[in-house]
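Structure assessment
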Amino acid sequence: MATMRLLVTGGAGFIGANFVHHVVSEHPDTAVVVLDALTYAGDEASLAPVAGSIEFVQGDVADADLVDSLVARCDAVVHFAAESHNDNSLANPWPFVQTNVIGTYTLLEAVRRHGVRYHHISTDEVYGDLELDDPERFAETTPYNPSSPYSSTKAASDMLVRAWGRSFGVAATISNCSNNYGPYQHVEKFIPRQITNLIDGVRPRLYGQGLNVRDWIHVEDHNRAVWEILMRGRVGETYLIGADGEENNRTVVETLLEVFGRPREDYDLVTDRPGHDLRYAIDSTKLREELGWSPRYSDFATGLADTVAWYRDNEAWWRPRKAATEAKYARTGQ
Ligand code: NAD
Ligand code: DAU
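Throughout what follows, the structure given in this document is the object of discussion. (Residues numbered from 1 in each chain as written. Chains lettered and ligands numbered in written order. Predicted model: local features only at pLDDT ≥ 70, side-chain atom pairs only at ≥ 80, totals over all residues.)

A closer look at the site of ligand 1
Threshold: Defining nearness, a residue is near a molecule or strand when the C-beta atom obtained from its backbone falls within 6 Å of it. Secondary structure counts use DSSP, requiring at least four H or I residues in a row for a helix and at least two E residues in a row for a strand, with both numbered from the N terminus. Lys, Arg, Asp and Glu make up the charged group, whereas Ala, Val, Leu, Ile, Met, Phe, Trp, Tyr, Cys and Pro make up the nonpolar group; the residues left over, Gly among them, are polar.
Taken together, 30 residues lie around ligand 1, and Gly-10, Gly-13, Ala-41, Gly-42 and Ala-82 are the ones closest in. Among the secondary structure elements, those contributing two or more residues to the shell around ligand 1 are helix H1 (14-26), helix H4 (94-114) and strand E5 (117-123). Considering every element that reaches the shell around ligand 1, the biggest residue donor is H1, with three residues. Its residues placed into classes, the shell around ligand 1 shows 13 nonpolar, 13 polar and four charged.

A closer look at the sheet that holds strand E3 (residues 54-58)
Here is the rule we go by: Strands are treated as partners if at least two bridges between them are detected by DSSP. To obtain an axis, a line is fitted to C-alpha atoms, over the contacting stretch when the element is a helix, and the angle between two such axes runs from 0 to 180 degrees between their N-to-C directions. We call two residues in contact if the C-beta atoms placed from their backbones are at most 7 Å apart.
Taking strand neighbours across the sheet as the criterion, the seven strands line up as E3-E2-E1-E4-E5-E6-E11 in an open arrangement whose pairing is parallel. For this open sheet the edge positions go to E3 and strand E11 (238-241), each flanked by a neighbour on one side alone. Averaged over all adjacent pairs, the angle separating strand axes in this sheet is 20°, with direction ignored. Here strand E2 (residues 30-36) pairs with E3 via five bridges, running parallel. Within E3, the position partnered with Val-32 by the bridge is Ile-54. Against the sheet, H1 contacts strand E1 (4-9), E2, E3 and strand E4 (76-79), and its axis sits at roughly 165° relative to E2. Sheet contacts for helix H5 (residues 149-168): E5 and strand E6 (172-177); angle to E5, the most-contacted strand, approximately 155°.

Side note on the packing of helix H6 (residues 190-199) against helix H10 (residues 300-313)
Threshold: The cut-offs work like this: below 35 degrees is roughly parallel, past 145 is roughly antiparallel, 65 to 115 is roughly perpendicular, and the gaps in between are oblique. Each crossing gets its hand from how the near helix is turned against the far one by less than a right angle, where anticlockwise is left-handed and clockwise is right-handed.
The contact between H6 and H10 brings their axes to 10 Å, and the two run at 55°. Taken together, the axis directions place H6 and H10 in an arrangement best described as oblique. At the point where H6 passes H10, the crossing takes the right-handed sense. Between H6, through Ile-191, Pro-192, Ile-195, Thr-196 and Ile-199, and H10, the contact on the second element is made entirely by Thr-307, Val-308, Tyr-311 and Arg-312. The residue makeup of the contact of H6 with H10, split by class, is six nonpolar, two polar and one charged.

Here you go:
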């Protein structure tokens, strides 16, 4: 079988790095090129285990000449690169518009010119939020209703992909996934922040009353779905990725406290996030029925315990970013 040349943007970030690890180990006939700007969220160390098996290019997805030259020598693009953190988007929205919207536009123009297959990584946050007791979950037909600068720029980028598919015939698919957890996630995000706080003997910090619900999925399950969609998904279609993992934030923290052998009430309630989405929940029937995907991590508590073990074993990876991240949170009382 001919080698597929795959451009992975954002491959030094959390999900992108895990995706590159997955492709190198499970699909070794694929030649991977990573394009990543190495922002505060990117770390080449996340690719160290596969460094000899891939090509790494440091650069910006909004750099049209660079993107054109890389897309020209690839068969497919999986676009993970983004500004990804809601709290940062509230403090300074501009990089979100630049990377998420202009960056996606730049890639779309390049894949259009070169006739290259494109898969767009997006989020369930484009659909807004649900009431706690809403019996409906997000599906591919749910109208877009984003709440934050982050989710609105992701929604804008999804719309560009749909338009470039319809108007220019770009061979694109989109996936919208729920909250990921697992190795190599930046310590600004909820689960790694609390795990690394607990390692440091600091109490976990819950926004508001801790009752917001997220639909957790292990990053490996997300990435197996992305590969299936890239290989066997129908061009022009959107697939929602979720693992039926709804939990409220307080329950997640209580589970972590249990793993650390600490009392279940040993956390602090802190300033809420402005505009904080209440609940996300995904119906992934289409993905499961069309492509036969199902999650392997069906027990969240086990996945969480594995993730705690990873952060305990990989302090050298996360420690350099911990103090600056907490200093940023201190400015908003969070
Ligand atoms: P992350 O913040 O951990 O990583 C983002 C990566 O993109 C970093 O390596 C960063 O250096 C790179 N990057 C940022 N701006 C860039 C630019 N202009 N040019 C090139 N590279 C740039 O993010 P993540 O959590 O791994 O998310 C990856 C993708 O998945 C994003 O598109 C995000 O919207 C989407 N997503 C994330 C989740 C989640 O739970 N984390 C869920 C659903 C969808
Ligand atoms: O739903 C998918 C999205 O999930 C992705 O598109 C985003 O890129 C990703 O960051 C994530 O967004 P959230 O805003 O849901 O994730 P975050 O880890 O920031 O927060 C998860 C929940 O935990 C949310 O309700 C806010 C809350 N939280 C967060 C932090 C950092 C706390 O209670 N305390 C905290 O310290």
